[in-house]
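Next come the chains, spelled out residue by residue.
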Amino acid sequence: MTVTAPPIGRVLVAGGGIVGWSAAAALRKRIPALAVTVVPLPPPEDALADRIQSCLPPIINFHDDLGLTEADTVVRAGSGFRLGTAFEGWTMGRSAYVHAYGEHGRPFGTASFHQHWVRAALAGEAEAFNAYSPAAALARAGRFTHPAGPPGTPLAGFAFGLTLTPTRYHHLMRAFALHLGSVEREGAIARVRLAGESGCIEAVEMADGTALEADLFVDATGPRALLRSALGLRLEDWGRWLPCDRFTMAEGPADAGEPPLLDTAAAEPAGWRWRSASPLLATEGRLFSAAHAGAAEGVPLRQGRVAQPWLKNCVAIGDAAVRVEPLEWTNLHLAHSGIDRLVAMMPARDFNPVELWDYNRQAATEADRVRDFLALHYLASERPDPFWREAAAAEPPPSLAHTLALFRARGRLPFYEEETFGRDAWLAVLLGQGVMPRASDPLIDVVPPRDSAAAMAALRSGIAGLVPGVPSHAATLQTLSRQAAR
Amino acid sequence: MNEHTIRNVVIVGGGTAGWMAAAAFARFLNNGVTKVTLVESEEIGTVGVGEATIPPLITFNRMLGINENEFVAATQGSFKLGIEFVNWGAVGERYFHPFGSHGHDLEGVHFHQLYLRERKRRVMEDISAWSMSAVAAAHGRYARPGPEAGFPLSQLFYAFHFDAGLYARFLRAYAERGGVQRVEGRITGVNQRAEDGFVQSVTLASGQTIEGELFIDCSGFRGLLIEGALNSGYEDWTHWLPADRAIALPTTYQGQPDPFTRATAHAKGWQWRIPLQHRMGNGIVYSSKFMDDDEALATLQANLEGEPLAEPRRLAFTTGRRKLTWNANVVSMGLASGFIEPLESTSIHFVQSGIAKLIALFPDRRFNPVERDEYNRQMRDMFEDVRDFIILHYNATRRDDSDFWRYCRTMTIPDSLARRVALWKAKGRLFREGYEVFATTSWVAAMLGQGIVPDDYEPAVDALDEERVAQALEQMRTAILDVAGRLPTHAEFIARTCAAQGPAPKPPLPEFVF
């Protein structure tokens, strides 16, 4: 007879930033049997998932799963919508491009849309690739509405993320987690006590002498990984491909007028800088290589992923598991993804190694593909500065080399599990930075180029015709605000 | 005190009005017999956008023995020397409606008459140059004149800007210390005596019943008792004052707080700007007939100096007054008794004045109708006087840039106002009547400021020698200017005497209710 291990009952979450409270909320909401205690340690300045304003589209699903509506996550939390990022100066001599979310064009004839575009571009007859993105068109016009309409129409297939006002969003998540029954236990952590035999975490000892025991410890303390590091950890270093190793960040009030739908990421001689703005708050930041910039200011950032985010009874979430620059805004997304995975794969109290192994495998695959996508921005850069020349000359990691090779041949993209960025995103950056296939896919040879051209023109005019009817971003926020009034 | 003394007073609603009444009763009904209960519900929000006041509030504070510095510190308050009106007579024009007087009279002749004659002889400074409050305001300066202050400092009259929510909290502490009992709960029923409709008790959602002999209805616009139970009727003044909407939006601001309120006329409404210690109160008042809510909010947002600290708060109202402020054993106060837009910061004054009059005419259990009728007469007069003064601001304009202003400029006005304007227009005559809130200075400032210049001055002025008068006017003007220059700045005065405790609170985080 098999004895079933008892279920996990008590969870302790260390970290009182957005990540910690989001983890607590999700655990209580989706596994109500868990008793969740949060030790709200303030997030350190390198905990980017707790600080970055710009968020990717899946945050909407995260909110939906929690049952949070836009009345809270947008209106009361002071968030704005966002449709993508404008990349400036990454390839000198080419115009800036926008990585906008969701569909770019639509497949017709026998092949996917981008093959038609590639054929036209190789013939020198294509508009910018993001001219076929409804999100990019809306963003440029400062207009926003939720995706809607019959499938196949331009306003049905785009995606959007949010730009947060972190203090307010943090307040929301904390209030929500407490509402769901999480318990807050303030204080500083003095020591992590391990059990002699198993090497598991037995308790977290607080500065006031009390010990907080739990079955499972969730480490949301940022890159220092206060709990998880007590079990020893190894970092897979990404410095070869992601050469920035410091950052600075400053906040200020948002500009008056329409809140922007695009944030910007502009290349600089030894790194890049960003600007994001919610309706209430703007942040500007710079990423750079200390050696190339000849500067030692800012916060150090060693990029990479923890080899085993989940070890024994401790799982690292967010920046405690993956330390990555905010390019493409993956920090909070990876935290959410870790939380979702933890909920979906919650083991029993025996912490069966097979289950943990699969958690770690999925987490590693996901993180590595994020690394690939970010590394693409550097590898496909074209700038004369030494920093950029070195970055572009780096040997790509094998999975990215595979992707690039396949794409350069005939514009095809490989399939990887756990991709954060879908085909449209890869295409937006590849084609936006000028990575071109040598030839188009033979599948489209049956469609005459002039049919392609007519269909592409129809797509462009379809988008152009719909944009003026969409309300401005501010007007949409105002409508939501009216609906949310209580 | 006898068997007729009222034993139980019940205040319904705990906004600014409710707690002002509770605080005053704690002081003036402290006879050992009369019990005061205030019923309010946390569920029901309060309106409380009225953050600016007029000088009589000083009297209210003194009556209650409230220390002014403590009061200002507790409410993030600042001092107000008057209101600057921008774009009212015509786009680009400004004038200042100061507290206190313009200059001083000479040999029994009103200052403004002297000014009007002198103005025919030479090019004159704006009349506000003779107002101590206006000149101090223009220089961003303020000090509290002591009782021994002579001219011109004695003419520095002031009022307050404050956070109405904090004010209610401040008064609540005062009232509860004074024995007022607060009951938390939402009122679900009003029980009336069959024969005469007198309210005997109110029932709460919890089932609890609260009995009283006198009820003070501070339940806001809806008038739970005065209208809901007693159908007292409402006199609608929208014809003369078409504004029926407001949006309030506090913002951050840097720099020093101005010691005055600003009221800026836009194409289809007007905007208030009220500096507090920790934020700027802003809002727009408009008529839904002439501007929709979106355009109003956009207009407001386009004219803000700082960053919003909260979501816009929308208010809808009907300007007018309850036909019977006091009906049966219910006295309405605050919004329950009527509403006139905050252009001259009168909302809190109505409450204060209603309380003072009620204390002066306080009934006993027999409810002699004479007291009620006198109260209602005085309240009606006060509402109508203020109404006329506000109408003047809209009607006396040369603006022609929207249907809104064309309507206001050409609408018929109350006879009482028409008569007053005609008297002024002829020879600059003004007569203060009864308990009028706004005295000569106010009418002179508004009439001249909005471009109504009398054709002539009073013949009595000609008994005074022109050169001597010119000299006296010049002396007054320079004396005021000289004193203003020696006052501390408004910010210095606040920092020294009544700065809010601790660092200014961070912008309030939104309330999440799941």
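Residues numbered from 1 in each chain as written. Chains lettered and ligands numbered in written order. Predicted model: local features only at pLDDT ≥ 70, side-chain atom pairs only at ≥ 80, totals over all residues. Heavy atoms only, no water.

**A closer look at the overall build of chain A**
Working step 1: On a plain count of helices and strands, chain A comes out with 14 helices and 22 strands.
Working step 2: In chain A, which comprises 486 residues, the share counted as buried stands at 57%.
Working step 3: Relative to all contacts within chain A whose residues are 6 or more apart in sequence, the contacts with residues 24 or more apart total 77%. (Helix = DSSP H or I, 4+ residues; strand = E, 2+ residues; numbered from the N terminus. Buried < 20%, exposed > 50% of the residue type's maximum accessible area, 1.4 Å probe, protein only. Contact = heavy atoms within 4.5 Å.)

**Some remarks on the overall build of chain B**
Working step 1: Secondary structure assignment for chain B yields 14 helices and 21 strands.
Working step 2: Within chain B, the fraction of its 514 residues that count as buried is 59%.
Working step 3: A separation threshold of at least 6 residues defines the contact pool for chain B, and within that pool the share at least 24 residues apart is 77%.
Working step 4: Of the roughly 20600 Å² of accessible surface on chain B, 49% is carried by carbon and sulfur atoms. (Areas by Shrake-Rupley, 256 points an atom, 1.4 Å probe, with all protein chains shown as cover.)

**Observations regarding the sheet that holds strand E12 (residues 216-219) of chain A**
Residues and elements named next belong to chain A.
Working step 1: Read from one edge of the open sheet, six strands run E8-E2-E1-E12-E21-E20, paired in mixed fashion. Each of the sheet's edge strands pairs with one partner strand only, and the pair in question is strand E8 (183-184) and strand E20 (310-311).
Working step 2: Here five bridges tie strand E1 (residues 10-14) to strand E2 (residues 35-39), and the two strands are oriented parallel to one another. Within E2, the position partnered with alanine 14 by the bridge is valine 39. (Pairing = 2+ DSSP bridges.)

**With respect to the interface of chain A and chain B**
In many analyses, interface size is given as the accessible surface area lost on bringing the parts together.
Working step 1: Taken together, the contact between chain A and chain B spans 18 residues of the former and 16 residues of the latter.
Working step 2: In total, chain A and chain B occlude about 1500 Å² of area from one another, counting both sides; carbon and sulfur atoms represent 56% of this.
Working step 3: In this assembly, chain A and chain B are joined by one salt bridge.
Working step 4: Of the charged contacts in the structure, one is a salt bridge between arginine 482 of chain A and aspartate 294 of chain B, with a shortest N-O distance of 2.6 Å.
Working step 5: Taken together, the connections running from chain A to chain B amount to two residue pairs in polar contact (both at pLDDT 80 or more). (Buried area = accessible area lost by both parts, 1.4 Å probe. Salt bridge = Lys/Arg side-chain N within 4 Å of Asp/Glu carboxyl O. Polar contact = N/O pair within 3.5 Å; in protein donor to acceptor, adjacent residues only side chain to side chain.)

**Details of the environment of aspartate 319 of chain A**
Residue and element names in this part refer to chain A.
Working step 1: By the element assignment, aspartate 319 lies in the loop between strand E21 (314-316) and strand E22 (322-323).
Working step 2: Sequence separation between aspartate 319 and leucine 332 is 13 residues, and the spatial gap between their C-alpha atoms is 8.4 Å.
Working step 3: Excluding anything up to four places from it in sequence, aspartate 319 contacts Asp46, Ala47, Leu48, Ala49, Asp50, Gly222, Pro223 and Asn331.
Working step 4: Side-chain polar atoms of aspartate 319 contact the backbone nitrogen of leucine 48, separated by 2.9 Å.
Working step 5: Separated by 2.7 Å, the side chain of aspartate 319 and the backbone nitrogen of alanine 49 make a polar contact.

**Quick look at the confidence of the model for chain B**
The predicted coordinates of low-pLDDT regions are not to be read in fine detail.
Working step 1: Per-chain confidence: chain B averages 91 in pLDDT, with 97% of residues scoring 70 or above.
Working step 2: Overall fold confidence (pTM) sits at 0.56, and the ipTM for the predicted complex is 0.74. (pLDDT = per-residue confidence, 0-100.)

**Let's talk about the pattern of salt bridges**
Close approach of charged atoms allows side chains of opposite charge to pair.
Working step 1: This model, assessed by the stated rule, comprises 70 salt bridges over all chains.
Working step 2: Two residues, glutamate 284 of chain A and arginine 275 of chain A, come together in a salt bridge whose shortest N-O distance is 2.8 Å.
Working step 3: Relative accessible area serves as the criterion here: at 42%, glutamate 284 of chain A is assigned to the partly exposed category.
Working step 4: Overall, the relative accessible area of 26% leaves arginine 275 of chain A in the partly exposed class.
Working step 5: For glutamate 107 of chain B, the salt bridge identified is with arginine 468 of chain B, shortest N-O distance 3.2 Å. In this pair, glutamate 107 of chain B is assigned in the loop between strand E5 (94-98) and helix H4 (111-121) and arginine 468 of chain B in helix H13 (residues 466-486), connecting sequence segments 361 residues apart. As far as the burial class goes, glutamate 107 of chain B and arginine 468 of chain B line up, both exposed.

**A closer look at the sheet that holds strand E17 (residues 313-316) of chain B**
All names here are of chain B.
Working step 1: Strand order in this open sheet of seven strands is E5-E4-E14-E15-E16-E13-E17, and the pairing throughout is mixed. Here the strands that pair on one side only, and so sit at the sheet edges, are E5 and E17. Direction aside, neighbouring strands of the sheet carry axes that sit 20 degrees apart on average. (Axes fitted to C-alpha atoms, helices over the stretch in contact; angles between N-to-C directions.)

**Examining unusual backbone geometry**
Working step 1: For the bond from phenylalanine 151 of chain B to proline 152 of chain B, the omega torsion is 5 degrees, close enough to zero to count as cis.
Working step 2: With respect to the helices, strands and loops of the structure, proline 152 of chain B is situated in the loop between helix H5 (132-138) and strand E6 (159-161).
Working step 3: Despite not being glycine, alanine 225 of chain A has its phi angle at roughly 45 degrees, a positive value.
Working step 4: Here alanine 225 of chain A lies in the loop between E12 and strand E13 (235-237).
Working step 5: Residue classification places alanine 225 of chain A among the buried residues on the basis of a relative accessible area of 0%.
Working step 6: Backbone geometry at asparagine 231 of chain B places phi at a positive 45 degrees, although glycine is not the residue there.
Working step 7: Looking at the element boundaries, asparagine 231 of chain B is found in the loop between strand E11 (214-217) and strand E12 (234-236).

**Some details on the packing of aromatic side chains**
Working step 1: Under the criterion given, the structure shown has 59 aromatic pairs over all chains.
Working step 2: Ring centres of tyrosine 394 of chain B and phenylalanine 404 of chain B lie 6.0 Å apart, and the angle between their planes is 85 degrees; on these two criteria the pair is classed as edge-to-face. Of this pair, tyrosine 394 of chain B sits in helix H9 (residues 369-395) while phenylalanine 404 of chain B sits in helix H10 (residues 403-410), and the two are ten residues apart along the sequence.
Working step 3: Here phenylalanine 404 of chain B falls in the buried class, since its relative accessible area comes to 2%.
Working step 4: The ring of tyrosine 416 of chain A carries the charged tip of arginine 369 of chain A above its face, separated from the ring centre by 3.9 Å.
Working step 5: Between arginine 387 of chain B and the ring centre of tryptophan 237 of chain B, over which it is positioned, the NZ or CZ distance is 4.8 Å. (Phe/Tyr/Trp six-rings, centres within 6.5 Å; stacked < 30°, edge-to-face > 60°. Lys NZ or Arg CZ within 6 Å of the ring centre and 35° of its normal.)

**Quick look at the packing of H4 of chain B against helix H12 (residues 440-449) of chain B**
Residue and element names in this part refer to chain B.
Working step 1: The N-to-C vectors of H4 and H12 enclose an angle of 25 degrees; their axes lie 11 Å apart at closest approach. When the axes of H4 and H12 are compared, the pair comes out roughly parallel. Contacts from His112, Tyr115, Leu116 and Arg119 in H4 reach Thr440, Val444 and Leu448 in H12. (Parallel < 35°, antiparallel > 145°, perpendicular 65-115°, else oblique.)

**Focus on the side chain of histidine 473 of chain A**
Residue and element names in this part refer to chain A.
Working step 1: Position of histidine 473 relative to the elements: it lies in helix H14 (residues 473-484).
Working step 2: Histidine 473 gets classed as buried once you look at its relative accessible area, which sits at 0%.
Working step 3: Within polar-contact distance, the side chain of histidine 473 engages the backbone oxygen of proline 259 at 2.8 Å.
Working step 4: The residues contacting histidine 473, other than those within four sequence positions of it, are Gly80, Phe81, Gly142, Arg143, Phe144, Glu258, Pro259, Pro260 and Leu261.

**Digging into the pairing of strand E15 (residues 269-275) of chain B**
Look at any regular strand and the pattern is simple: side chains alternate between the two faces of the sheet.
Residues and elements named next belong to chain B.
Working step 1: Of all seven residues in E15, seven are buried, a share of seventy percent or more.
Working step 2: Sheet topology places strand E14 (residues 261-266) next to E15; five bridges connect them, and they run antiparallel. Along E15, the bridge assignment pairs alanine 265 with tryptophan 270.
Working step 3: Here E14 folds back onto E15 in antiparallel fashion, the turn holding two residues.
Working step 4: Where E15 and strand E16 (residues 280-286) come together, seven bridges link them in antiparallel fashion. When the bridges of E16 are listed, proline 275 appears paired with methionine 280.

**Examining the pairing of E2 of chain A**
Residues and elements named next belong to chain A.
Working step 1: Between the parallel elements E1 and E2, the chain passes through helix H1 (residues 18-30) in a crossover that is right-handed.
Working step 2: Pairing analysis gives two bridges linking E2 to E8, with the strands arranged parallel. By the bridge assignment for E8, valine 38 is matched with glutamate 184. (Right-handed = clockwise from strand over helix to strand, strands pointing away.)

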